[in-house]
Amino acid sequence: MGCGKKSDPNEIIIWHQMRVDEREVLQRHLDNFMKLNHEIKVTQLYKETEELRSGFIIAAIGGQGPELVYGPEDQVGPFEIMKIIKPLDEIFSEEYLNNFNEKAKVYSNGKLWMLADKLGNHLTLVYNKALLKSPPETDRELIEIGKKLTLDKNNDGKTDQYGLVWNYTEPFFFIPFLTGYGGWVFDDSLNPTLNSQAMISGLKFIAELRDKHKIIPNEADYEIADVLFKEGRAAMLINGDWSWASYGKSGIDYGISPLPLIEETGLRAAPMVSAKGFSINANVKDDKLSIIKKLMEFLLSPENQLQTAKQLNTFPTRKEVYQDPFILKDEILQNSQKQIEFGKPMPIVSEMRAIWDAMRPSYQAVLGGTIGPEQAAIQMQKDAVKKIAELKEDVTSESAEQIFFIIAGIGIFILIILSRKTCISFILTFKENRFAYFFLLPALIVMGLVIFYPFFYNVVLSLSNMNLRHISDWGIIGFDQYVKVFSEPVFYSVFLKTIFWTFSNVFFHVVLGVALALLLNRSLPGKGIFRTLLILPWAIPQYIVALTWRGMFNYEYGSINLIFTKYLMLPAVEWLKSPTEAFLAVILTNVWLGFPFMMIISLGALQSIPQELYEAADIEGARWFHKLKSITIPLIKPVLIPAITLGIIWTFNNLNVVWLVSNAGEPSDQTHILVSYVYKAAFNLYRYGYAAAFSMVIFLILLLMSISLIKKTKATESVY
């Protein structure tokens, strides 16, 4: 969909990652535009941040994709390197661009790549005026006020109201405290500077807010922090301009204030500041640029930016509206402007992805108490240098490409020789069986498009250097990517974890599934109701189940810990804070999801066993165990073994549950299995050749396991 060869010349597609209220405002602007320009149709499509980024890269490389892509400016770095967006200073005049705030024009390598309609995308201190009249100015005041407002109102030993909440487990939300102690992520030459005293002090500060001063929750991701503030159970919150309007709609009388001054350094806690705006797909044809330009000028007009600011409290980018009475008198926007001035521009280089990836594991390890701040700073720096080197990897080999084509040619020749009899037979019998081939053709075409072509394309990619530097000019380099996969120690640790994950899950799926099937195969009152209830986990979409279980594992508010502490008198478990408990939480979720499939398969197999066999066994005096061992298991085995094989493959490759319950491998990237690890390598650091080689290794592992299992169990012998 978008600007492909067959796209409508009067249709414009916009991909964005706006919230619901932002989408509503955008749609009103688009409706007004289409009323004025009846011949033009504009469609907006929402995509989650990473989905938008990876989806746009794949689509644009393939010559497709939307005409416009909207998002924060940090996406410009990789898009520009991959040459998938157009320079805007060749489309808009200098006179027009002079109307914008300089921070709204995102340049890289001397070219303009994004034009923003919102400025900031920054964190500030949001406070509930009903609980706090005046926000803190310094970190000391923040702690003092936080202590006073952190309350156990009913003296049950649990905190009912927190002084401060925010998504402090994410590095982006930690940055203000790194800058507050005088640190930053790069030096002037874009070398990482994470191993610094500022990093150590910032990490200690965050850990002390939770462990020493106890003014923030033990666990708080974005959703928990957001809900606590909206429910009036938190006096202060650190969040971005994208969230403020929703607090007003929730009935909170809120104010915002710049983040506090760190007294030790005399510096403001400065968040990263960036613009959000539009870029044009490089595949857009010149004859379509005029209507895209017209649409952008309409969406970026002073009138529409002012309307957006009034409805969303976002800071506009057109200079003309800065003197509007609404902007001048609005307390939220004025304080937002102050925070923008205190903030530091977000680097728009592609290396920023490596910085986030390097910071996250060690930062979360500090919060989990497994390493100290000093060790974390050293590890962050080491990881950042390694990941940036991987990101910039530039391997080429002309000889490997020649060898590849020679081997491929020889392989095709051998294949033709080996299959010559079949080919000759096909030609000779074609007329006779033409009708049968006609019916087979659609299936062959579909299989070719969705199975054979992607598979062989992946094989070729696994031998290539395709990455951030070589997106459109990639070439064959031989088996380098496979060597990297097997030479990295992380492969073996993640592989062992995947084996444990797979077999523990499948074991409980089979045991629980068969046990419940045996029960349901008996005469029970309400059997139909039980059967329906037990199938429910399988019927509910996996991502909903995964996110629900993640909420249930929350340390303070999750239902599992509430049952533990309230009814079983057991201590609460920090499910998502330490690697072992987090991995156990993921396994428990998948066990709950997977047993219904085995139950249904087993139940079908049980109902096909002749009842006479059990009656004969009863006459012989056989007990239930002997009947299970000698009749039930042997007769359901031919059905169960293929189901177990499928279960192993599905579980081995189950990305959704691991990714959603552990929030992409948290804590510290310690809950990854092979498939989630390779997903991260492919789409976080753009290592497509490496990820393709990794996925081929996973395929071969599963192929060997499946063949071995079926051969050893001889489960399909009766079929042939």
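Residues numbered from 1 in each chain as written. Predicted model: local features only at pLDDT ≥ 70, side-chain atom pairs only at ≥ 80, totals over all residues. Heavy atoms only, no water.

1. Here we look at the environment of Trp474
Turning to its location among the elements, Trp474 is positioned in the loop between helix H18 (434–462) and helix H19 (480–487). Taking the relative accessible area as the measure of exposure, Trp474 reaches 27% and is therefore partly exposed. Here the alpha-carbon distance between Trp474 and Tyr686, two residues 212 residues apart in the chain, equals 13 Å. Setting aside residues up to four positions removed in sequence, Trp474 forms contacts with Tyr457, Val460, Leu461, Ser464, Asn465 and Met466. (Helix = DSSP H or I, 4+ residues; strand = E, 2+ residues; numbered from the N terminus. Buried < 20%, exposed > 50% of the residue type's maximum accessible area, 1.4 Å probe, protein only. Contact = heavy atoms within 4.5 Å.)

2. Points about unusual backbone geometry
Of note, the amide linkage connecting Glu666 to Pro667 takes the cis form, showing an omega dihedral of 0°. If you trace the backbone, Pro667 turns up in the loop between helix H27 (655–661) and helix H28 (674–683). One non-glycine residue, Leu190, adopts positive backbone phi at about 65°. Backbone geometry at Lys214 places phi at a positive 55°, although glycine is not the residue there. Its location among the elements puts Lys214 in the loop between helix H7 (197–211) and helix H8 (222–230). In this structure Lys214 comes out as exposed when scored by relative accessible area, which is 52%.

3. Quick word on the side chain of Thr138
In this fold, Thr138 is placed in the loop between strand S6 (123–128) and helix H5 (139–149). Among the residues examined, Thr138 registers a relative accessible area of 10% and is labelled buried. Here the side chain of Thr138 touches Glu263 through a polar contact of 3.2 Å, side chain to side chain. Every residue in contact with Thr138, bar those within four places of it in the chain, is listed here: Pro260, Leu261 and Glu263. (Polar contact = N/O pair within 3.5 Å; in protein donor to acceptor, adjacent residues only side chain to side chain.)

4. Some points on the sheet that holds S6
Taken in spatial order, the four strands line up as S7-S8-S6-S9 in an open sheet, and their pairing is mixed. With one partner strand each, in any of the chains shown, strand S7 (162–165) and strand S9 (254–257) form the two edges of the open sheet. When the angles between neighbouring strand axes are averaged without regard to direction, this sheet yields 20°. In terms of strand pairing, S6 meets strand S8 (residues 234–240) through five bridges, oriented antiparallel. Paired with Thr124 across the bridge in S8 is Asn239. Relative to the sheet, helix H13 (residues 331–342) contacts S6 and S9, its axis offset from that of S9 by approximately 25°. (Pairing = 2+ DSSP bridges. Axes fitted to C-alpha atoms, helices over the stretch in contact; angles between N-to-C directions.)

5. As for the pairing of strand S1 (residues 11–16)
Judged by how many residues are buried, S1 sits mostly within the fold: six of six residues are covered. Two elements, S1 and strand S2 (residues 41–46), share six bridges in a ladder whose sense is parallel. Bridging from a neighbouring strand, Ile13 pairs with Thr43 of S2. Handedness of the crossover joining S1 and S2 through helix H1 (residues 20–36): right-handed. Bridge analysis of S1 against strand S3 (residues 68–72) gives two bridges, and the strand direction is parallel. (Right-handed = clockwise from strand over helix to strand, strands pointing away.)

6. Focus on a nonpolar patch on the surface
Together, Leu441, Ile445, Val446, Met447, Leu449, Val450, Ile451, Phe452 and Phe456 make up a nonpolar patch on the protein surface, roughly 860 Å² of accessible area in all. Locating Val446 in the fold gives a position in helix H18. (Patch = residues over 30% accessible without salt bridge, like charges linked within 9 Å, V, L, I, M, F, W, Y side chains within 5 Å. Areas by Shrake-Rupley, 256 points an atom, 1.4 Å probe, with all protein chains shown as cover. Salt bridge = Lys/Arg side-chain N within 4 Å of Asp/Glu carboxyl O.)

7. What about the pattern of salt bridges?
Counted under the stated rule, the structure contains 30 salt bridges. Residue Glu351 is joined to Lys392 by a salt bridge in which the shortest nitrogen-to-oxygen separation is 3.1 Å. One end of the pair, Glu351, is in helix H14 (residues 351–368); the other, Lys392, is in the loop between helix H15 (373–391) and helix H16 (398–418), with 41 residues separating them in the sequence. In this structure, the salt-bridge partner of Lys484 is Glu393, at a minimum N-O distance of 2.7 Å. You can see Lys484 sitting in helix H19 and its partner Glu393 sitting in the loop between H15 and H16, a full 91 residues away along the chain. There is no split in this pair, since Lys484 and Glu393 are both buried. Three or more residues are tied together by salt bridges with common partners; here these are Arg19, Asp21, Glu22, Asp117, Lys118 and Lys276.

Honestly, that's just the spatial picture; any functional story needs more than this.
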